[in-house]
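# Working through the structure, step by step
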Number of protein chains: 2
Amino acid sequence: MAAIETVSEQRCFGGIQGFYSHVSEACGGPMRFAVYMPPAAEEGPVPLLWYLAGLTCTAETFTIKAGAQRLASELGLALVMPDTSPRDTGLPGATGDWEFGEGAGFYLDATEAPWNARFRMYSYVVDELPRLVAASFRLDMGRQGIFGHSMGGHGALTIALRNPGRYRSVSAFAPIVAPSRVPWGEKAFSHYLGPDRKAWERHDATALVKGGARFDGTILVDQGEADGFLVNQLQPQRLEAACEGADQPLELRMHPGYDHSYYFIQTFVDDHLRHHAKALVA
Amino acid sequence: MAAIETVSEQRCFGGIQGFYSHVSEACGGPMRFAVYMPPAAEEGPVPLLWYLAGLTCTAETFTIKAGAQRLASELGLALVMPDTSPRDTGLPGATGDWEFGEGAGFYLDATEAPWNARFRMYSYVVDELPRLVAASFRLDMGRQGIFGHSMGGHGALTIALRNPGRYRSVSAFAPIVAPSRVPWGEKAFSHYLGPDRKAWERHDATALVKGGARFDGTILVDQGEADGFLVNQLQPQRLEAACEGADQPLELRMHPGYDHSYYFIQTFVDDHLRHHAKALVA
């Protein structure tokens, strides 16, 4: 396992907001990620909460826009924030479209060339980065939660559903709950996974629940009603119907007036941190 | 007085984070500013807190990086956040140097050509923008406070000291307390105000206090000890000595490990909001 390099470390709410780089095996090149370590880590290993960001975002977005470190510090929760894709891949078509390629990895392992050489964010987030952070930070890997926004909400839901027992808690802001059925997902999946829609279902939270996957706990989802992507891309009612049909506990909260931005996220991020802390903090 | 145009309005912590544009008389062209209106404004006029940003920043910086809306919403405080200079001035030398010109207005009225035609941020912040926001938002202009960061900390301190009775509270993060004596200020002031250093003193908080200016209340200043600009540009001990010699109450808090960034600001922003709320909220 390659070593990590410290890009920067800055004090924040008594803890450390750090940015790190390393050479990723899963993604075949250099990757950056961010970690917030709360002051409680000085006393011993702390539980960790994965945050997966949305289209166009980087490892930095949540650290500067969400205002999450305040309560994470108080609760003693580490935050681990990967990038949204490999970068500088040099692959034709990997840049220039904000919905696909760099900044739009969709937290899956691409099976189609040329994407399958680099776009392997599922393995990166589920296997490689956990090993790396476990070896580099004072983390209690027995207490992990996962959440995300939009494409990252899709990532959090699908990863939690596919890895029972790994995460004690899961939540999402405005997730893409059924990517197989909406334009963002259809574009990305047809490039990354090819035309066989059956293969897409492993990366579709609604399809996973319909197919029998369960999360042991309540899934928390917040959605703004003034979100410009609600009708065409997000469609939380699909997940709601699937969970109802499967006895999967889901708390879907609809918020009048809120949009898709980090002003929405910062408004409700404390609720999400407390949701995770209930499962992660003794 | 020209009307304001709404650029965007987004719900945040039950209130509205808005961005607005207008044609400024003081600055001779279009200007943008941001306002956060808390939910309490639905009941009646609310007190307002001016935030002046630092070098390279815009009206947006504080709104996305400080995490201030949470407590402002709870306390019922409006936040008014001007840009740091006029933009697209077309003046030779106004862009390309982050320490001077656009993004670096230093909250003064330039007296030297060509800057005096556009760079009049003192009049903008003290006269024009207050009239504009008073006419456009539900604000209680009898209850105003002011704070800022770095160049904006300089702005907040000098504007509060030069306008006794106008602001009930003042504070700063890592302010440039003596711009006449440090490279950032010397560069900017010699361009904006010319070579006569006597004329610089009206825009230097330390010189103002030495010259008899007083703020009726305690000035709160937070400064990170790991701030890379501390020794060469900020030098809070100059303000501390001047306040001690003048019986001006100052609470200067030095914070080990913190730097000049918004991770520092977000850590202490709640303390500042509470400091202002003591003076502004009944």
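Positions within a chain are numbered from 1, following the residues in the order the chain's sequence is written. Following the order in which they are written, the chains are lettered starting with A and the ligands numbered starting with 1. It should be noted that, the model being predicted, local features are given only for residues of pLDDT at least 70 and side-chain atom pairs only at 80 or more, the latter also being counted only at that level, while totals for whole chains, interfaces and linings use all residues. Hydrogens and water molecules were not included; the side-chain quantities draw on all heavy atoms of the structure.

Rule in force here: UniProt positions are given in the numbering used here, feature names are shortened, and annotations may be inferred rather than shown by experiment.
An unreviewed UniProt entry lists chain A under the name S-formylglutathione hydrolase, with Luteibacter yeojuensis given as the organism. Quoted verbatim from the Sequence similarities (unreviewed entry) heading of the UniProt record, the comment on chain A is "Belongs to the esterase D family."

### A short note on the interface of chain B and chain A
The criterion, for reference: Pairs of residues are marked as contacts when any of their non-hydrogen atoms sit within 4.5 Å. Values labelled buried area give the accessible surface lost by two parts on being combined, using a 1.4 Å probe and summing over both. Each reported salt bridge corresponds to a side-chain nitrogen of Lys or Arg within 4 Å of a carboxyl oxygen of Asp or Glu. As used in this structure description, the phrase polar contact means that two N or O atoms lie within 3.5 Å; if the pair is within protein, one of them must be able to donate a hydrogen and the other to accept it, and residues adjacent in sequence are counted only when both atoms belong to side chains. Helix and strand definitions follow DSSP, with helices as H or I runs of at least four residues and strands as E runs of at least two, each counted in order from the N terminus.
Listed per partner, the contact involves 24 residues of chain B and 24 residues of chain A. Of the roughly 2,000 Å² buried between chain B and chain A, counting both surfaces, carbon and sulfur atoms make up 51%. When residues of chain B are sorted by the area they lose upon contact with chain A, Arg11(B), Tyr263(B) and Gln266(B) head the list and together hold 35% of the total. Along the contact surface separating chain B from chain A lie zero salt bridges. Linking chain B with chain A are twelve residue pairs in polar contact (both at pLDDT 80 or more), by the criterion used here. Here the element with the most residues in the side of chain B that touches chain A is helix H10 (residues 262–280) of chain B; it accounts for five residues.

### Quick notes on the side chain of Glu102(A)
All names here are of chain A. Basically, it comes down to this: Each residue gets one of three labels from its accessible area relative to the maximum for its type: buried under 20%, exposed over 50%, partly exposed in between, using a 1.4 Å probe on protein chains only. None of His or the chain ends enter the tally, which takes Lys and Arg as positive and Asp and Glu as negative.
By secondary structure assignment, the location of glutamate 102 is in the loop between strand S5 (78–82) and helix H3 (121–136). Buried charged residue glutamate 102 carries no salt bridge. Nearest counter-charge: arginine 87, at 5.3 Å. Side-chain polar atoms of glutamate 102 contact the backbone nitrogen of aspartate 88, separated by 3.0 Å. Here the side chain of glutamate 102 touches threonine 89 through a polar contact of 2.7 Å, side chain to side chain. Those residues in contact with glutamate 102, other than ones at most four positions away along the chain, are Ser85, Pro86, Arg87, Asp88, Thr89, Gly90, Ala94, Thr95 and Phe119.

### Structural notes on the sheet that holds S5(A)
Residues and elements named next belong to chain A. Our working rule: At least two DSSP bridges between two strands are needed for those strands to be called paired. A fitted line through C-alpha atoms represents every axis, and for helices the fit uses only the stretch in contact; the resulting angles, taken between N-to-C directions, go from 0 to 180 degrees.
An order of S1-S2-S3-S5-S4-S6-S7-S8-S9 is seen for the nine strands of this open sheet, with the pairing classed as mixed. The two strands at the open ends of the sheet, each matched to only one other strand, are strand S1 (5–12) and strand S9 (250–255). Neighbour-to-neighbour, the strand axes of this sheet turn through a mean angle of 20 degrees, independent of strand direction. Where S1 lies against strand S2 (residues 15–24), seven bridges are found, and the strand directions are antiparallel. In the sheet register, cysteine 12 faces S2, and the bridge partner there is glycine 15. Here helix H4 (residues 151–162) sits on the sheet and contacts strand S4 (46–52), strand S6 (139–149), strand S7 (169–173) and strand S8 (219–224); the angle it forms with S6, its principal contact strand, is near 135 degrees. Packing of helix H9 (residues 236–246) onto the sheet brings it into contact with S8 and S9, and relative to S9 it is tilted by some 155 degrees.

### Notes on H10(B)
Rule in force here: Consider a residue and the seven residues that end there alongside the seven that start there; fitting an axis to each set, the bend is the angle between those axes.
In H10(B), a bend of some 45 degrees at Phe268(B) exceeds every other bend along the element. Capping the start of H10(B), Ser261(B) holds a side-chain oxygen 3.1 Å from the backbone nitrogen of Tyr263(B), two or three residues further along.

### Examining unusual backbone geometry
Leaving glycine aside, a negative phi is the common case for residues, and trans is the common case for peptide bonds. Looking along the chain, the bond that leaves Ala113(A) and enters Pro114(A) is cis, with omega of 0 degrees. The residue Phe13(B) is not glycine, and still its phi comes out positive at about 50 degrees. Inspection of the secondary structure puts Phe13(B) in the loop between strand S1 (5–12) and strand S2 (15–24). Residue classification places Phe13(B) among the buried positions, given a relative accessible area of 15%.

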